[in-house]
Amino acid sequence: MNLIESLLSPTGRADPFPRYAEAHRLGPVLPITDTAFLVVGYAAVNEVLRNPGFGIPADPSSQPSLELMQRSILRANPPDHGRMRSLISQVFTPRRVAALQPAIETAVDDLLDGLPAEVDFMDRFAFQLPVTVICELLGVPASERQRFRPLASDLTAALELTDASDASADAAAQELGQYFAQLIRDPSADGLVSALVAACDAGDGRLSDEELLANLILLLVAGFETTTDLLGNGLAILLDQPDLTPAVRSDPGAFVEEVLRYDSPVQVTTRVARTEGLSAGGVSMPVGSDLILLLGAANRDPARFPEPDQFDPARTGNKPLSFGAGAHICLGNSLARLEATVAFTHLTERFPSITPASRPTRRDRLVLRGYQTLPIQLQLDRRYAPVADRRTPEQARNPSRSPDTSCRDADPRR
Ligand code: HEM
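These remarks concern the structure in this document. This is a predicted model, so every value here is computed, not measured. (Residues numbered from 1 in each chain as written. Predicted model: local features only at pLDDT ≥ 70, side-chain atom pairs only at ≥ 80, totals over all residues. Heavy atoms only, no water.)

### Quick look at the pairing of strand 2 (residues 36-39)
Piece 1. What you see with strand 2 is no split at all: Ala36 and Leu38 on one side and Phe37 and Val39 on the other are buried throughout.
Piece 2. Where strand 1 (residues 29-33) and strand 2 come together, four bridges link them in antiparallel fashion. Its bridge partner being in strand 2, valine 29 is matched across the sheet by valine 39.
Piece 3. The loop that links strand 1 with its antiparallel partner strand 2 comprises two residues. (Buried < 20%, exposed > 50% of the residue type's maximum accessible area, 1.4 Å probe, protein only. Helix = DSSP H or I, 4+ residues; strand = E, 2+ residues; numbered from the N terminus. Pairing = 2+ DSSP bridges.)

### With respect to the coordination of the iron atom of the ligand
Piece 1. If you check the protein contacts of the iron atom of the ligand, you find one donor only, Cys330 (SG), at 2.3 Å.
Piece 2. Within the fold, cysteine 330 resides in the loop between helix 17 (295-298) and helix 18 (333-350). (Donors = N, O, S within 2.8 Å, 3.2 Å for Na, K, Ca; no water.)

### Observations regarding the site of the ligand
Piece 1. The local shell around the ligand holds 27 residues, among which His81, Arg85, Thr269, His328 and Cys330 are the closest.
Piece 2. A distance of 3.3 Å separates an oxygen atom of the ligand from a polar atom in the backbone of isoleucine 73.
Piece 3. Taking arginine 271, its side chain carries an N or O atom lying 2.8 Å from an oxygen atom of the ligand.
Piece 4. For the shell around the ligand, the secondary-structure elements that each account for two or more residues are helix 6 (80-91), helix 14 (209-240), strand 5 (268-273) and helix 18.
Piece 5. The element contributing the most residues to the shell around the ligand is helix 14, with seven residues.
Piece 6. Taken together, the residues that form the shell around the ligand break down as 16 nonpolar, nine polar and two charged. (Near = heavy atom within 4 Å. Polar contact = N/O pair within 3.5 Å; in protein donor to acceptor, adjacent residues only side chain to side chain. Nonpolar A, V, L, I, M, F, W, Y, C, P; charged D, E, K, R; others polar.)

### As for the sheet that holds strand 9 (residues 353-356)
By way of backbone hydrogen bonds, the strands of a sheet pair with one another, either parallel or antiparallel.
Piece 1. Read across the sheet, three strands follow the order 4-12-9 without closing on themselves; strand pairing throughout is antiparallel. Single-partner strands in this sheet number two, and they are strand 4 (118-120) and strand 9. Each neighbouring strand pair of the sheet contributes to a mean axis angle of 30°, computed without reference to strand direction.
Piece 2. Relative to strand 12 (residues 375-379), strand 4 runs antiparallel, the two sharing three bridges. Its bridge partner lying in strand 12, glutamate 118 is registered against glutamine 377. (Axes fitted to C-alpha atoms, helices over the stretch in contact; angles between N-to-C directions.)

Take a look at the structure:
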């Protein structure tokens, strides 16, 4: 079995990392044919992503789900890409993201308040937080949010390298398309949807109606599936290595960065050589060459990261390629980092002990890597317990000696 077949096999999808290590031993760029290459080295992947001569491959598919993605910024080449990027960047600004912090803190606290002692983290937290935040940002009403998880999951199956996507991806594309078409027309809509509609109407670099729709759906889908996976992958690492908890508390940002490197939610992207004379990692690539870029492998390149298979939040100069690089670098990277940093800060503060309840299950995907279920058991820090439960074990044994926590003591008039 060759490396690609091995990566796409069920065991390869479940654990691609030994295959990545094997690939690094063979070199940074591995020819598959004369015009197809697997790019695995950090420097080579970075070089390709930053070189405008490499573009997004056109997909001749007439599958509706892929056609929809094809019209979005993610799959656009110059000059369309620059036009879309500057329009979306006008409304999806760092200021707008930073302003979301209080809403993110509240959403995290609300979700943590509602967690029972034994729970599936993916279902009750990792999915809920990003969907709440992105819907808040876009202006999608709370009542609509729950239906998006299966739809996004069905739609992103179309991004896998295999032919696994099917009618369910097309049905999801259709349903999301109908939903956003209606939201665009809704005069009471606010948030990014209405800001984007207004920017489109005012500016010179307008988006067509179809592009507007495709980009809104992309923002929704890109905005939560990947972040859900970042939260799940991070917690799974913490369950495996609970002694990392002090490191999370002292520098949650560094922990999140190392999660991105070690178990990236997006493992793969693709490019095509669009101009003459291109090369990467010293290998020449004729016009039309197809490139598979293994972001997850680049993040484990021993030439860039010492001991790449060790999880080490104290790494210096940790700059994983998990959000890509160059013209298409992820527009939501600061939002995803902010959500994960707030989430891990509050989680570890509130729950001194988080342990596995039963075996987690991975989603059977290579490109978007995450968990389907992550059952955990939580032990709450006493400071966050309801007042009646904030007793020491000694006080619990001798209730008569417990301090009176009723309102009477708190009333300064007494
Ligand atoms: C952990 C979370 C996330 C990861 C790992 C991630 C990863 C990526 C990657 C790798 C790309 C570039 C793909 C390429 O060059 O082929 C990308 C692009 C993009 N991401 Fe993210 N993303 C995340 C979260 C988000 C969020 C929260 C949003 C929006 C709210 C978002 C919106 C986008 C958009 C719009 C693009 C296309 C940019 C362009 O083509 O110019 N992403 N993302």
